[in-house]
Amino acid sequence: AQGAGTGATAGAVSGAATMSGPDLERARLRLEGSFELDEWKADGKVLRPPVVDGRFSVHDGMVTFMTLRKDLPVQETTVGFGTYFIDNQGYTYGYSYLETTRADANGVLSRRINPPTTFPLKLQWQGDVLMVIGQGADRRDYRVDGFNSPLGSNGDYRRWRRLR
């Protein structure tokens, strides 16, 4: 399981110019905040709370992530935390810890701890929408009320609603 993004690991990202001044501060205000999972399209099914739940928070240099899926034969929870920074080159966040736990109907738990992950992203304004551009098909559109993040190339995504 990945964080808010697609799971791509560090590497050069092309496609957006550097940002400075008011545009950079506006980007920071758009990226930082707390978000609640509003919708998750997974394996062709559109899922909404209470079948899925999630939070993604970006505050004071720290990022936290949590999702819960109850639609699977084995309930799955993913939690993670790490750091981020925003500068004139873009937005980079990463998880120093990311764990997925599954519990089957008999209460048997399995746990997977992912290696540390970094997501280097470029920023580009398109009108009032902040495009956050990562590797491959990773394109997130941050709007005033939240953002969408694609999950791979098969059309799956997570839609996040801004809480504050």
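Being a predicted model, the structure only gives us computed values, none of them experimental. (Residues numbered from 1 in each chain as written. Predicted model: local features only at pLDDT ≥ 70, side-chain atom pairs only at ≥ 80, totals over all residues. Heavy atoms only, no water.)

**Structural notes on the side chain of T67**
Following the sequence through the fold, T67 ends up in strand β4 (residues 62–69). Residue class for T67 comes out buried when judged on its relative accessible area of 3%. When neighbours within four sequence positions are excluded, T67 is seen to be in contact with W40, D53, G54, E76, T77, T78, R158 and W160. (Helix = DSSP H or I, 4+ residues; strand = E, 2+ residues; numbered from the N terminus. Buried < 20%, exposed > 50% of the residue type's maximum accessible area, 1.4 Å probe, protein only. Contact = heavy atoms within 4.5 Å.)

**Let's talk about the nonpolar core**
In this structure, F56, Y91, Y93, L123, L130 and Y142 are the most contacted members of the largest nonpolar core, which totals 30 residues. If you list the elements that add at least two residues to this core, you get α1 (21–31), β1 (33–42), β3 (52–59), β4, β5 (75–87), β6 (90–103), β8 (117–126) and β9 (129–133). (Core = buried A, V, L, I, M, F, W, Y, C linked by side-chain atoms within 4.5 Å.)

**Examining the pattern of salt bridges**
In total, this model carries 16 salt bridges according to the counting rule given. The closest approach of N and O atoms between E25 and R28, which form a salt bridge, is 3.6 Å. With E25 and R28 both in helix α1 and three residues apart, this pair spans about one turn of that helix. Given the relative accessible area of 41%, E25 is considered partly exposed. Ionic pairing is found between D38 and R159, a salt bridge with its closest N-O pair at 3.9 Å. Remark: R159 occurs in strand β12 (residues 157–162) and D38 occurs in strand β1; sequence separation between them is 121 residues. On the basis of relative accessibility, which here comes to 31%, the residue R159 falls in the partly exposed class. Each of D23, R26, R30 and D128 takes part in a single network of salt bridges with overlapping partners. (Salt bridge = Lys/Arg side-chain N within 4 Å of Asp/Glu carboxyl O.)

**Looking at unusual backbone geometry**
Of the consecutive residues P49 and P50, the connecting peptide bond is found in the cis state with omega at 10°. Of note, P50 is situated in the loop between β2 (45–47) and β3. At D43, a residue that is not glycine, the phi angle is positive and equals roughly 55°. By the secondary structure assignment, D43 is in the loop between β1 and β2. You can call D43 exposed: its relative accessible area is 62%. Of note in the backbone geometry, D60 takes a positive phi value of approximately 50° without being a glycine. Along the chain, D60 falls in the loop between β3 and β4.

**Brief notes about the pairing of β8**
The element β8 is largely enclosed, with a buried count of seven among its 10 residues. Taken together, the five bridges between β6 and β8 define a ladder with antiparallel strand orientation. Looking at β8, one finds that Y91 is bridged to L121. When β8 meets β9, the two strands line up antiparallel, connected through five bridges. The residue bridging Q126 from the neighbouring strand is V129, located in β9. Taking the residues between adjacent antiparallel strands as the criterion, β8 and β9 are bridged by two residues, where G127 takes a positive phi near 65°. (Pairing = 2+ DSSP bridges.)

**Some remarks on the packing of aromatic side chains**
Scanning the model with the defined rule gives 17 aromatic pairs in all. For the pair Y93 and Y95, a centre-to-centre distance of 5.7 Å together with 85° between the ring planes defines the contact as edge-to-face. Judged by its relative accessible area of 1%, Y93 is buried. Through a chain of ring-to-ring contacts, the aromatic side chains of F35, F56, F65, Y84, Y91, Y93, Y95, F119, Y142, F147 and W160 assemble into a single cluster. We note R26 situated over the ring of W125; from NZ or CZ to the ring centre the distance is 3.6 Å. Here the basic side chain of R69 rests over the ring of W40, its NZ or CZ set 5.1 Å away from the ring centre. (Phe/Tyr/Trp six-rings, centres within 6.5 Å; stacked < 30°, edge-to-face > 60°. Lys NZ or Arg CZ within 6 Å of the ring centre and 35° of its normal.)

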